[in-house]
Amino acid sequence: MNQLDLDIQDAISKACKACFEADVPAEQVQVQRTRKDFDGDRTVVVFPLTRLSKKSPEETAEMLGAWLVDQDERMTHFQVVKGFLNLSVSTTYWAESLDNALQTEGFGTALTNSKSRVMVEFSSPNTNKPLHLGHLRNIFLGFSVSQILKAAGHQVVKVQIINDRGIHICKSMVAWKHFGEGATPETTGLKGDKLVGKYYVAFDKAYKEQVKQAMSTGTSEAEAKESAPLLAEARTMLQQWEQGDAETMALWTTMNQWVYDGFETTYAEMGVTFDQLYYESNTYLLGRDEVLSGVKQGAFNQREDGSIWVDLSDAGLDEKLLLRKDGTAVYMTQDIGTAIQRYKDFPGLDRQIYTVGNEQEYHFKVLFKVLEKLGIQGADRNFHLSYGMVELPEGKMKSREGTVVDADELMQEMARTAGEMAQELGKTDGLTDSEKEQLHKTIGYGALKYFLLKVSPTKSMMFDPKASIDFIGNTGPFIQFNYVRALSVLKKAEGQIVLRVPKEDSAWDATELQLIQSALEWPEMVQAAAKTYDPSIIANYCYDLTKSYSRWYQDHPVLKEPDASKREARLAICAICERNIKSGMTLLGIQMPDRM
RNA sequence: GGUCCCGUAGCUCAACUGGAUAGAGCAUCUGCCUUCUAAGCCGACGGUUUUGGGUUCGAGUCCCAACGGGACUACCA
């Protein structure tokens, strides 16, 4: 909430005392922006106050309005519609606020840099499969939330946990040994993650073949699946890995490195970075001691068979296994250990944000409860940034059915389409090839990121590869385009005119005052997005502001405006929109071009 | 069976967290390039917010029920 609204709340509270001798806490006064079709800038909802005023809504509003206009010189007049008190704020106030905003470096995104330290985990891929569309939503969300939290004044640590161990990794390794013939990313020209993914698929294919073979000789399906030689081999390899067998470790290290290099290429392409990586091969044993000490504390209980469980029935959850009877870790064990390790690695860590799909909601509820039971400070502040699946028209993506939308391919496709469009529109004449390539990526990736981020995270969303992602309408490129137009005006004005925000009423018209108010709401949007971990708030704000700007721009010439005062006023509008849109899009991880 | 998420225009999404006449884009139809970049702008069409109750000055938003869609509910990771 901004200062003006706080002041209005306060004033209404005082007015209630003065007019009705009623005590109304300031924070309970509802202040909102006045709807477009009504006269005024701020609206106070007086319905809730009528009980105290013992007067009709209209009468109450009239009295409060009169008091307020009398007391606060920023209020020029008021109007009452039903139970809504619409206050008109002076143009001078808006002009001054705009001036202020323009003087403020990093307006809205450089707030008190002393807030708590927050960890954001995202991406967290397996090392046996390349990244796909689902990862894209995850990565863009996690990265954007990190940016937003930073802008809101937090210290942010971006991490991913890499699932680099387990039977699935061994499957790729087994297949590579059998069918790889020494293939490497260098010899094949394939990205490392693609190469390894290929052998994971090859394993599955050969394995199924073996199962089929066995079944044709009369073996039952279950038996055939269980006894296939390839699976046995993978299991043996997992054991060898756990025992630290040199040859196995060497292959594992090599193949994982291929994958990391492949992922790194993709991250770099996205403009995404991490501050710290966690590997499951390092963390998977960490939780055991914590769980055992939890038993001593009485937080968990051990059954006769030796397995350890936590009873969360008081929290509406079931009993949950934390450690197997043979003392080996389950997924939960590892997550407990990792979480605790992170608190140790980053002293003063306030909370962790886990960007993970909504199918794991139950898992994280349990995890956070367990951490609470272990007495971790602030465990209840941890947050599962849960997001819905990206669905294809045919339904869910299934790697086995080949309906997976590959991340690299999709990104290339986006850049290519942007290029085709730019060519068609004759936008890139005079650019070098590398400038063109860069621009097409900026636009194509911008479209993709915006598409995935504009939807509320909790909602599952639809992606139709055939319809592909738009570049016109409510899209990233629309916002980029209008940004470029604003930038272009400002560049042309540079040197000729000293930017000065005029205070006289005549310099502004009604649509401009509306636009200024929208622009001034930017800091509140950052706060709201940070509070709810929701980049879609930023995306929608950017679109709304851009749309208003674009509309205004159409019939408000800036540089050609003969009246100097009006010209200054319009330049100021270009400046604030250009800046807000750019910082908004930056928070979404979207680059802005300087021409398009 | 139980828990959680979702249901808004033909399609994809909004709606400032309970406020006024539910807004955008796409698609369809239509107008605007001697004027700061037309990836733009104006206009038209499009809604019983899945259904039925309830709470109150006021409900797309909160509560209950039904219907429909999805996820989870493994000594798998």
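Remember, it's a predicted structure, so these values are computed and weren't measured experimentally.

A. Summary view of the overall build of chain A. Within chain A one finds 22 helices and 14 strands. Taken along the three principal axes of its C-alpha coordinates, chain A extends 90 × 65 × 45 Å. Looking at chain A as a whole, 39% of its 596 residues qualify as buried. Put simply, of all contacts in chain A between residues at least 6 apart along the chain, 73% involve residues at least 24 apart.

B. Expanded view of the domain arrangement of chain A. Domain assignment breaks chain A into domain 1 (3–89), domain 2 (117–399) and domain 3 (407–587). One C-alpha centre belongs to domain 1, the other to domain 3, and the line joining them spans 35 Å.

C. Layout of the nonpolar core. Among the nonpolar cores identified, the biggest contains 136 residues, and I148 and I538 are the most heavily contacted of them. Take this core: its biggest share by element is 11 residues, from helix 22 (residues 564–587). Excluding residues within four positions of it along the chain, I148 makes contact with V526, A529, A530, P535, I538 and L587. Grouped together as the second largest cluster of nonpolar side chains are 15 residues, V310, A339, F368 and V370 included.

D. How the structure looks around the protein's contact with RNA strand B. Around RNA strand B, 74 residues are found, and the nearest of them are E359, Y362, M461, G473 and F481. Looking at the surface near RNA strand B, the elements that each hand over two or more residues are strand 1 (31–33), strand 2 (42–45), strand 4 (84–89), helix 15 (361–373), helix 16 (407–425), strand 14 (461–462), helix 18 (476–493) and helix 21 (535–555). The element that contributes the greatest number of residues to the surface near RNA strand B is helix 18, accounting for 8 residues. A per-class count over the surface near RNA strand B returns 31 nonpolar, 23 polar and 20 charged.

E. Broad picture of helix 17 (residues 433–453). Here helix 17 spans 30 Å end to end across 21 residues, near enough to the 30 Å set by a 1.5 Å rise per residue. Among the 21 residues in helix 17, 15 count as buried, and that is most of the element.

F. Molecular detail of the pairing of strand 11 (residues 349–357). Examined bridge by bridge, strand 5 (residues 117–121) and strand 11 share 5 bridges and lie parallel to one another. In the strand pairing of strand 11, V120 is matched with I353. Note that strand 11 and strand 12 (residues 383–387) share 5 bridges and pair parallel. Each residue of the ladder has a partner; that of V356, found in strand 12, is S386. Taking the sense of rotation as the criterion, the β-α-β connection linking strand 11, helix 15 and strand 12 turns out right-handed.

G. Seen up close, the sheet that holds strand 2. Pairing in this open sheet of 4 strands is antiparallel, and the strands run 1-2-4-3 from one edge to the other. Two strands lie at the open edges of the sheet, namely strand 1 and strand 3 (75–81), each paired on one side alone. In this sheet, adjacent strand axes meet at a mean angle of 30° when their direction is disregarded. In this sheet, strand 4 lies alongside strand 2 in antiparallel orientation, the contact comprising 4 bridges. Residue pairing for strand 4: V45 is matched across the bridge by F84. In this fold helix 1 (residues 3–20) packs onto strand 1 and strand 2, with an angle of close to 40° to the strand it touches most, strand 2.

H. Broad picture of the environment of A95. Relative to the helices and strands, A95 resides in helix 4 (residues 91–103). Put simply, A95 and L251 are 156 residues apart on the chain and 66 Å apart in space, counted from C-alpha to C-alpha. For A95, the residues in contact, after removing those within four places along its chain, are V501, P502 and K503.

I. Highlighting helix 4. The end-to-end C-alpha distance of helix 4, which contains 13 residues, comes to 18 Å, matching closely the 18 Å that a straight helix rising 1.5 Å per residue would cover. Three or more residues of helix 4 are buried, namely W94, A95, L98 and A101. Looking straight down helix 4, one finds that the buried residues subtend no more than 125° of arc, so they occupy a single side. Facing away from the buried side of helix 4 by more than 90 degrees, the exposed set consists of N100 and Q103. Where helix 4 is buried, its residues contact strand 4, helix 19 (510–520) and helix 22.

J. Region of the structure containing the confidence of the model for chain A. On average, residues of chain A score 91 in pLDDT, and 97% of them are at 70 or above. Here the predicted complex scores 0.95 on pTM and 0.94 on ipTM.

K. Representation of the sheet that holds strand 8 (residues 301–302) in the model. Overall, antiparallel pairing links the 3 strands, which are arranged 8-9-10 in an open sheet. The sheet is open, and its two edges are formed by strand 8 and strand 10 (319–323), each paired on a single side. By the bridge criterion, 2 bridges tie strand 8 to strand 9 (residues 308–311) in an arrangement that is antiparallel. Within strand 9, the position partnered with Q302 by the bridge is I308.

L. Inspection of the environment of F179 at higher detail. Tracing the chain through its elements places F179 in helix 6 (residues 167–179). The exposure class of F179 is partly exposed, given the 14 C-beta atoms found within 10 Å. Measuring from C-alpha to C-alpha, the distance between F179 and Y199 comes to 8.0 Å, with 20 residues separating the pair along the chain. If near-sequence neighbours (up to four positions away) are discounted, F179 is found in contact with Y199 and A202.

Criteria and thresholds
- Residues numbered from 1 in each chain as written.
- Chains lettered and ligands numbered in written order.
- Predicted model: local features only at pLDDT ≥ 70, side-chain atom pairs only at ≥ 80, totals over all residues.
- Helix = DSSP H or I, 4+ residues; strand = E, 2+ residues; numbered from the N terminus.
- Buried ≥ 20, exposed ≤ 12 C-beta atoms within 10 Å, placed from the backbone.
- Contact = placed C-beta atoms within 7 Å.
- Domains from an automatic or database assignment.
- Core = buried A, V, L, I, M, F, W, Y, C linked by C-beta atoms within 7 Å.
- Near = placed C-beta within 6 Å.
- Nonpolar A, V, L, I, M, F, W, Y, C, P; charged D, E, K, R; others polar.
- Expected span 1.5 Å × (residues − 1).
- Pairing = 2+ DSSP bridges.
- Right-handed = clockwise from strand over helix to strand, strands pointing away.
- Axes fitted to C-alpha atoms, helices over the stretch in contact; angles between N-to-C directions.
- Arc of directions from axis to C-beta.
- pLDDT = per-residue confidence, 0-100.

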